[in-house]
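One letter stands for each residue in the lines below.
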Amino acid sequence: MAALGASTFVYVTAETIPIGLLPEMARDLNVSEASIGLLVTSYAVVAGLTSIPLTAVTMRLPRRALIAGTVAAFAISQLAAAFAPTFLLVVVARLLCALAHGVFWATIAPIAARLVPPGRGGRAIALVFLGNSLAIVLGVPLGTALGQWLGWRVVLGVLALTGAACVAALTLSLPALAGDAPTPIGQRLRDSVLVLRNRSLFAICATTAVLMIGLFAAYTYLAPLVRRDAGLEGTALSALLLGFGAAGLVGNWIIGRWVDRSPGPLLTTLIAVMVLALATLTPVLGVAPTVVAVLAWGAAMTATPIILQAAVLRVAPEAGDAASAVYVVAFQIGIGGGSLLGERFVSAGRLGWLPLFAALLAVGAWVIVRASRTAFPARLPAETREPVTAS
C-alpha cells in the first residue's frame, strides 16, 4: 500500500508543480505565466481523452506490471522535460506522461480495494490517496522552494529519480494480481462507455466534472491569487502551499475513517466548506482571512476525491477499472476545463473573479449530490462495511 501511495505522491506533484513554479518556468522558457498554466490544461486533455481506450486495451495485463509500467513512463517523461530546451518540448514530454496518467488513476483505486477485505475499500483508497495530500504538503511546497533555489529543471530531475524508485518498490512489494478475463478489445471499449448507463455513476462523474472545473480554475492560479489577496511570495507562498496540503492531510485522515459509513453528508459538508472558503477569497481581505480560507479550501478539496472514488467502486463493483476510467475522464475534464477557463480569466485581467466562479460551480455540484441519494447515501448499510477500528 505504501508503494501505491508513493506513486500517487509523485504523480500529483508532477502534475501540479507548474502551479508553484509559474514565474520561474515562464522566465526560463520565455513565455507568459498563463501559458505555463496551459501545461496543466494540455496534460488533462490528453489524460482525459486516452483514459478509457488505454484502460480498455490494458485490462488483460497483470496489475503489478501495468501500474509499474505507468510509473516508469512517468519517470521517463519527467527526465525528458527536465532537459527540454524549449516550451514546446516541455509540453510534448508532459503529454507523454499524460498518456500513462489515465491508466494509472483508473487502475490504482481498484488495486487498493483488492488488497483489503470487503467493506474496507474506502479506507484503502484513503490510505493510498494520502500520497495526494503529501504531494500538496511536501511535494509542491518543497518543489517550489527547490525550484526557486536551483531551478525548475532540478525539480523535474528529482521527480524522475523518485519515480524510478517507486517502480522498484511496486515491483517488489505488490502481490501478483491478474488482469481481467480475455475479452475482445472492441467489447472492452463498448463496456467502458456503456458503464455510464449506471445512473449513480453518471451522477458521480457529473459532480466530479462540475466541481473540479471550478476548483482547478482557481487552484491553477493559487499563487497569483495569494499575491493579490495577501501579498505573499517566495518563502511565504511556499509556506502557505504547505499549509494547504497539511490541512488536506487532516481532512484525508478524517474522511478515511468515515467514508465507508456516511458518504453523502460528508461530501455535502466538504462542498459547503469550499463554497464558504472561495467566497471569502473573492474580495481582497488581507493576510489573515486569506490564510484561513486557503487552509479550509485545502482540507476540503484534498479529501473530496476520496469520497468520489470510493463511490465509483461502490456503485459499479463488477466493473471497477472501466468505471474508474470514466471517472478519470470526468476528473480530467475538471482539471483541463478548469485550468483552461482560469487561463481565460487571467488573460482577460479577471484573476479576482476565479474564486467566485469556483464557488458558483461548487454550489451546482452540491445540488447534484443532494439530488443523487443512491450515489451518495446518507448512511451505508452495515453489511457493506466493517467497523472502523481506532488506529
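What you are looking at is a predicted structure, and each value in this text was computed from that prediction instead of being measured. (Residues numbered from 1 in each chain as written. Predicted model: local features only at pLDDT ≥ 70, side-chain atom pairs only at ≥ 80, totals over all residues. Heavy atoms only, no water.)

On to unusual backbone geometry. Here the phi dihedral of N30 falls at roughly 60°; this positive angle occurs in a residue that is not glycine. Here N30 is to be found in the loop between α2 (22-29) and α3 (33-57). (Helix = DSSP H or I, 4+ residues; strand = E, 2+ residues; numbered from the N terminus.)

So, on to helix α4 (residues 63-83). For α4, built from 21 residues, the straight-helix expectation of 30 Å at 1.5 Å per residue is met to within 8% by its first-to-last C-alpha distance of 31 Å. Three or more residues of α4 are buried, namely R63, L66, I67, A68, T70, V71, F74, A75, S77, Q78, A81 and A82. (Expected span 1.5 Å × (residues − 1). Buried < 20%, exposed > 50% of the residue type's maximum accessible area, 1.4 Å probe, protein only.)

Judged by side-chain polarity, L54, L88, L89, V92, L96 and L99 come together as a nonpolar surface patch covering roughly 510 Å² of accessible area. Considering every element that reaches the nonpolar patch, the biggest residue donor is helix α5 (residues 87-114), with 5 residues. Looking at where L54 falls in the secondary structure, it is placed in helix α3. (Patch = residues over 30% accessible without salt bridge, like charges linked within 9 Å, V, L, I, M, F, W, Y side chains within 5 Å. Areas by Shrake-Rupley, 256 points an atom, 1.4 Å probe, with all protein chains shown as cover. Salt bridge = Lys/Arg side-chain N within 4 Å of Asp/Glu carboxyl O.)

What follows deals with the side chain of S7. Structurally, S7 is set in helix α1 (residues 2-20). Given a relative accessible area of 0%, S7 falls into the buried group. With sequence-adjacent residues up to four places away left out, S7 is seen in contact with V71, F104, C166 and L170. (Contact = heavy atoms within 4.5 Å.)

What the rule picks out here adds up to 10 aromatic pairs. Geometrically, the ring pair formed by F104 and W105 is edge-to-face, given 5.1 Å between the ring centres and 90° between the ring planes. Taking relative accessible area as the criterion, F104 reaches 0% and is therefore assigned buried. With centroids separated by 5.9 Å and ring planes inclined at 65°, the aromatic side chains of Y327 and F331 adopt a geometry described as edge-to-face. Here Y327 pairs with F331, and both are found in helix α15 (residues 320-347), just 4 residues apart, close to one helical turn. (Phe/Tyr/Trp six-rings, centres within 6.5 Å; stacked < 30°, edge-to-face > 60°.)

Nonpolar side chains in soluble globular proteins tend to end up buried together. Among the nonpolar cores identified, the biggest contains 123 residues, and L4, Y11, I204, I271 and W297 are the most heavily contacted of them. Take this core: its biggest share by element is 14 residues, from helix α14 (residues 287-315). Leaving out residues up to four positions away in the same chain, L4 has contacts with I67, I108, I111, A112, L115, V128, L170 and L174. (Core = buried A, V, L, I, M, F, W, Y, C linked by side-chain atoms within 4.5 Å.)

To continue, consider helix α11 (residues 222-230). By the criterion of burial, α11 is predominantly enclosed, with 7 of the 9 residues buried. Among the residues of α11, those classed as buried are L222, A223, P224, L225, V226, D229 and A230. Phi turns positive, to about 70°, at G231, one or two residues after α11.

So, on to the pattern of salt bridges. Applying the stated criterion to the full structure yields 3 salt bridges. Where R27 meets E24, a salt bridge forms, and the shortest distance between an N and an O atom there is 3.9 Å. One end of the pair is R27 and the other is E24, both in helix α2 and 3 residues apart, which spans about a single turn. Given a relative accessible area of 61%, R27 falls into the exposed group.

What follows is about the side chain of T302. Along the polypeptide, T302 turns up in helix α14. Within the local environment of T302, its side chain forms a polar contact with the backbone oxygen of G298, the two atoms lying 2.8 Å apart. Contacts of T302, omitting those with residues within four sequence positions, involve S133, F244 and G248. (Polar contact = N/O pair within 3.5 Å; in protein donor to acceptor, adjacent residues only side chain to side chain.)

Here we come to the environment of S32. With respect to the helices and strands, the residue S32 is situated in the loop between α2 and α3. The exposure class assigned to S32 is partly exposed, which follows from its relative accessible area of 38%. Remark: the alpha-carbon pair of S32 and L22, spanning 10 residues in sequence, is separated by 8.7 Å.

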